[in-house]
Structures are given as structure tokens and as C-alpha cells.
Amino acid sequence: MAMLQCEVCGGKLVGKPEGIFECEYCGLQYDTSWAKAKIQEIKGTVQVEGTVEVTGTVKVEGGANIESFLKRGKLSLEDENWSEARGFFDQALNINAECAEAYLGLAMAELKVNTEKNLVYSGDLTNKNYIRAKQYADKVLLNKLISLEKEAEEERTRKEKEAEEKRYLEEKLREEAIKRLTPVREKLSSVKNIISTGSNHIVGLKSDGTVVATGCNEEGQCDVSKWSDIIAVSAGPLYTVGLKSDGTVIATGKIFSGQCNVSQWSDIIAVSVGEEHTVGLKADGTVVATGKNLFDRCDVFYWSDIIAVSAGKEHTVALKADGTVVATGSINFSCITDWSDIIAVSEGNRHTVGLKADGTVVAAGKDIYGRCSGQCDVSEWTDIITVSAGGNHTVGLKADGTVVATGSKCDVSKWSDIIVVSAGNDYTVGIKADGTVIATGCNSYNQCDVSEWKLFDNLDNLEEERKIKMEKKLAEKERLADEKRIAEEKRPEAKRLAEEKRIAEEKKRIKQQKAAYRQKRIEEQKAAYRQRGLCQHCGGSFKGLFKKVCTNCGKEKDY
């Protein structure tokens, strides 16, 4: 037995009222005259009652009407089978080239929407099939489309108004945040470079320009006790760099890769150290770098208009005056260079953090395993005045003096009254408003032993305190220099006086020696005279019986 089958999908045809046969699966319809004609092609006699089943293959030739193709096309749109829908609507147009519903269906299939409302609301009313649908539409369909266009335009206007209001509100909130945070940042600008964390050591800058350090010192990275006149410090894995007030730079620690070759630098206003490279920002906005140029991380010589630099493990990032960011090194920086409105950047081992003027934060990068383990989860942060990227964590200082952290977390949730934060490899350091220092995290090299540190006395008077102490240091330095200069100036006169003294003493010595020699000769002569019984004073003979007197000098014998 074989049943009448739909040529399009092969589904079974079912008899319907008014002599129509409809496919159970796709809904295509065939009239009775067509069905009877097809039945005659089947061998034998078949009586048609309801569902028609025949032996053999039924060949369908154009029996489907336009309504069937339109219905099947709409079903395909509902199933989001866009290609199949286009096929059905094309077949409908083969029957009637002016079928508005077919053109409308083609437009929806091309734009991949399944309702007329979504088509009109998509905004693409220049689609050629949509234009033809309106051209051939009857009054009812045309009015419906015009009504939908009006609704869509009203909806777009409403959304544009809402978006504009939202943009206005966001901009107002942003301006208010900038207005609120800017004075705080300006107040704390004088302390932003007074603490720095390396892999396993911490360096602190005191208000008198001297430097303290604690932690691992296997390469001499903590040998900073003799430094003076320092205005900024930066600590790397095994070395430390200091910026002096005259724009020169000094360094101590591991030197094998050239990262400490900074003695010839001048006119520097900021420094930052990475894994084995050091970067310096010059007053003219250009950048210099030294050390191991792995991944081209030292290729910074063509940069200009730079206002801040930050060196990471395998890369270098710089902030331009227009709030954009440039970078070089091993990491894909395509997203970083798209940042805007940035006022500060900080580099971790393999991630970069950017601070915006409104106190929000952006971040990009991955950990050593190629994952982002939370160190970049900063999108919800607000009211931030400074940020610091560590090994695999990020720390942010809020305007109220509290601290937030993400990534390989150090417990900073209870910190308060903080004015500076610095994230190390796996530890975090903070400076309080009274100049004391706190730290939390790994302390394997005693790098967190900073409880005795006090970098300044009063934040409000820090600039004055720094000025006074620096002046005292300078005055002491000048006093010592003057003493040395005066001593140098007096050296020739002192040398002349010393020589005169030596000559006088030598003459005196010789004179004393001669006198002693003469006295010795006199004593020897006297001894010889006495031995011969003569006068010991002149060698004359004596006379007299009871009183012997020298016949020559008249002296009595006195021996």
C-alpha cells in the first residue's frame, strides 16, 4: 500500500472538507482534482475516502497552492530555519510574483527575525523585499505595517531619550565623583612613591630623603641606608632603584642584566622597575630603559607625551597625557591600548590595572597558568583613588581610607585610615595617615616586619616637614662641604707652618745634640784632669799645703 505523499516533505496527505488534501507535516494543500489525477497514475482502482493510500510512488506536480507555501514559510520562521523559510517564500512568489506576504517573509528571513513587529523594530526598513511587501500589500497589511513603523519610531525615540537621560546621569555622577576624588588624590600625591614592594623586600622613603628597607637581601637590594636626597623609590625582584631630587638615579642589588645601569641618567622625574629591567620617565615626556630586553620590553625610546610609567614582569606600560595607554612586551595589549580616561596604571606579573578619574578601575591580563584567577575582577570597584597590581592580586585604596583586594587575596578588609597601598608578590603593604606602616601576607623573608617604621610625622604638614628636614640635611651637607673646603684651602698654609715647625724642631734638636756633645766632651776632659790630679776646670796644677788652689784659674780643688 502507498499513500499520497507531499512532494516537498514526503508527509502523508489527509482529506479535508471542501475537497482539500493537506500534508500532515508541512501543511501544503492540494485540491481534489489534482488528487484524482494522481490516483489515475496508480495501477488498480482506488476509492478515495478521507486519507488516500495507494501502491507505488506518487509524483506531485504543482498541486500545492500559494497559501500552503506561505504557511510553511511562517512555520520555518518560527523555527528560525531561515534558509528553509526563504525557499518556501520563493516558491510562493513563483506562483504569484506580487505576493506581499511572501516578500515580507523573505525580508524577515534575511534579517533573521520571526515576527513582523521584530522586522519593523529592527530599523532596517530599506530592505528591498520589505519595500516590495509594502508595494503589493493590501490595505489591511499596509495599515498594519505603517502602524508598526509608527510604534517602532515612538519606541526608538523613547529609548533614545532614556539612553540620553542615562548618559546625562552617568556623566553627572562621573563629574561629581571626579570633583570629590580629585582633591583627595592631590593631597596624597606627595606620598604615592614613598613605599615600594619587590618580590621579597620592601623599601620605604622617609620624609628627610633617607631610605629604609627590610626583607631578602641576598643581592644587596636592601643596602640603602646611606642613600640621601631621595624623592621616590621602586623595588624589583632583587634590586632597588632610587630617584634623587636632582633628577639622577641610583640603584643597588643584582646587576647582571644591566638593570642597575642608571648612573648616567639625568632629568628623570619617575622610575619603575620590572623583572630585570628599569624604566625612567624624563621631564620632556620621553622614556628611557635599561636591562634585559626580553620580549622587547625595553623598546620605549620612541614613546612621547608620557606622564607615568610602570614596569611589569615581561612588559612595560606607560600612560599618556591624553589618558590613553601604550605598552610593549610579551602580552597582547590590544584591549589595554583601547583604554581611555586613565589617570594611573600599575603592572603586576602578568596583568595590568588602570584607574579612571571617576574612581572606577579596569584590568586585563592572566596569571602564570594563562587564566585570570580574580586579579582582574575590579569592574565593580568605585570611589578608588589609587591602585596597585601585585604578583597575582590587585589592591585598591578607597577615598575613605579603606582597602579592597581581589585575586590571591591578602586580608586587608579591616584596614582603615590608609593613604598608600603597594601590592608585592604575595603580600600587601599600607601606610597610615600618621606615617606608620602595616603589612599582611607572606613573610618568609621578614619583608612584612615594618611595624617599627614611621616614614613621616604628619600628613597635613608633610611637605613642610619634608622641606624642613631636607633643608636640615642640605644645611648639614653644606656645612660639611664648607669645612672640607676650608680645610682644603688651609692645607697649603698648614703644610707651610708644619714644615717651619719641623725645621725649627730639627734645629732645636741639633742644637740640643751639639750642646749635649759639648757637655759630654767637657765631662770627659774633667775626668781626665782629675785622673792626673789637675784642676778639672782648666787643667792647671795646684799649690798650697793645706788649701790647694789652681795656679791657673785660682779655683780650689773641688774633687
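Values in this document were obtained by computation on a predicted structure and should not be read as measured data. Per chain, residue numbering runs from 1 following the sequence as it is written. The model is predicted, so local features are restricted to residues of pLDDT at least 70 and side-chain atom pairs to those at 80 or more, both for listing and for counting; the totals for chains, interfaces and linings are taken over all residues. Only hydrogens and water are set aside when side-chain values are computed; all heavy atoms of the structure are taken into account.

Caption draft 1: The overall build of the protein, seen in detail. Under the DSSP-based scheme used, a helix requires at least four consecutive residues in state H or I and a strand at least two consecutive residues in state E, with every element numbered from the N terminus. Regarding its fold elements, the protein presents eight helices and 26 strands. Burial status follows relative accessibility: with a 1.4 Å probe on protein chains alone, a residue under 20% of its type maximum counts as buried, one over 50% as exposed, and anything between as partly exposed. A burial count over the protein gives 41% of its 559 residues as buried. The contact definition used throughout considers only heavy atoms, calling two residues in contact when any of these lie within 4.5 Å. Counting only contacts in the protein whose residues sit at least 6 apart along the sequence, the fraction spanning at least 24 positions is 41%. Every accessible area reported is derived by Shrake-Rupley at a probe size of 1.4 Å, with residue values counting cover from the shown protein chains alone. A total of about 30,500 Å² of accessible surface is found on the protein, and carbon and sulfur atoms cover 48% of it.

Caption draft 2: Broad picture of unusual backbone geometry. Positive phi outside glycine occurs at aspartate 296, with the angle close to 65°. Note that aspartate 296 resides in the loop between β12 (287–291) and β13 (306–311). Taking relative accessible area as the criterion, aspartate 296 reaches 41% and is therefore assigned partly exposed. Phi is positive for aspartate 417, which is not a glycine, with a value near 60°.

Caption draft 3: Main features of the pattern of salt bridges. In the sections that follow, a salt bridge refers to a side-chain nitrogen of Lys or Arg positioned within 4 Å of a carboxyl oxygen of Asp or Glu. The full count for this structure, using the stated rule, is 25 salt bridges. Glutamate 116 is the partner of lysine 144 in a salt bridge, and the nearest nitrogen-oxygen pair spans 2.7 Å. Here lysine 144, found in helix α7 (residues 139–188), pairs with glutamate 116, found in helix α5 (residues 116–121); they are 28 residues apart in sequence, far enough to count as distant. A salt bridge links glutamate 164 to arginine 167, with the shortest nitrogen-to-oxygen separation between them at 2.6 Å. One end of the pair, glutamate 164, and the other, arginine 167, are both in helix α7, three residues apart, so they sit about a helical turn from each other.

Caption draft 4: Looking closely at the sheet that holds strand β19 (residues 384–389). Spatially, the three strands line up as an open sheet ordered β19-β20-β21, and their pairing is antiparallel. What marks the edges here is a single partner per strand, and that holds for β19 and β21 (403–407). Neighbour to neighbour, the strand axes of the sheet diverge by 20° on average, direction disregarded. Both β19 and strand β20 (residues 393–398) contribute to a ladder of five bridges, which runs antiparallel. Across the sheet, threonine 386 pairs through a bridge with leucine 397, a residue of β20. A pair of strands is treated as paired once DSSP finds two or more bridges between them. Comment: axis = line fitted to C-alpha atoms, over the contacting stretch for helices; angle = value between 0 and 180 degrees taken between N-to-C directions.

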